[in-house]
Amino acid sequence: LLVAVSAALVSTDAAGIPDLLSPKLKWNSEAEAMKQNLNSLWGMLTGIISLVPSVLLAIFLQDAVNFQLLCGILILLNAILYAILRKSSYKLAEALFARDN
């Protein structure tokens with residue numbers, strides 16, 4: 001359960017980056033904002049890509065270490081990836097806000 005939660009945090013944080021880079025702020029209706037915005041597609045792709053290191057590590061280490069150690073390694077990897085993504089997201093948002101103001 002902890003592995004899944006940590007992976008979901010990484011994926012969710014990575015999925016928000018496309019909205020930071022190119023937000024769609026001009027729309028006439030809520031439906032237009034959702035249906036004509038490709039950021040959700042890019043968000044899904046970045047979310048999936050952010051999970052690749054964890055999946056590859058799990059595949060390569062599944063026979064080499066026991067299950068509990070593998071879970072601990074995956075949680076640690078996801079925590080590190082989450083910290084990196086969170087820090088870079090804040091820096092990106094601050095830079096974009098400073099540029100626009």
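A brief report on the enclosed structure follows. (Residues numbered from 1 in each chain as written. Predicted model: local features only at pLDDT ≥ 70, side-chain atom pairs only at ≥ 80, totals over all residues. Heavy atoms only, no water.)

The next thing to look at is the overall build of the protein chain. Scanning the protein chain for helices and strands turns up 5 helices and 0 strands. Secondary structure elements of the protein chain occur, N-terminal to C-terminal, as α-α-α-α-α. Since a compact globule built from 101 residues should have a radius of gyration of about 13 Å, the 17 Å found for the protein chain marks it as more spread out than a globular shape. Within the protein chain, buried positions represent 23% of all 101 residues. (Helix = DSSP H or I, 4+ residues; strand = E, 2+ residues; numbered from the N terminus. Rg over C-alpha atoms; globule rule 2.2 N^0.38 Å. Buried < 20%, exposed > 50% of the residue type's maximum accessible area, 1.4 Å probe, protein only.)

Turning to helix α5 (residues 67-100), a few remarks are in order. An ideal rise of 1.5 Å per residue puts 50 Å on 34 residues; α5 measures up with 48 Å between its terminal C-alpha atoms. Every buried residue belonging to α5 is among Leu70, Cys71, Leu74, Asn78, Leu85, Ser89 and Leu96, and all of these are buried. Residues of α5 that are buried make contact with α1 (2-15), α2 (17-21) and α4 (39-61). (Expected span 1.5 Å × (residues − 1). Contact = heavy atoms within 4.5 Å.)

A few words on the environment of Leu41. Tracing the backbone shows Leu41 in helix α4. In the structure, Leu41 is positioned 19 residues away from Phe60 in sequence and 29 Å away in space, judged by C-alpha atoms.

The analysis is restricted to geometry; functional conclusions fall outside its scope.
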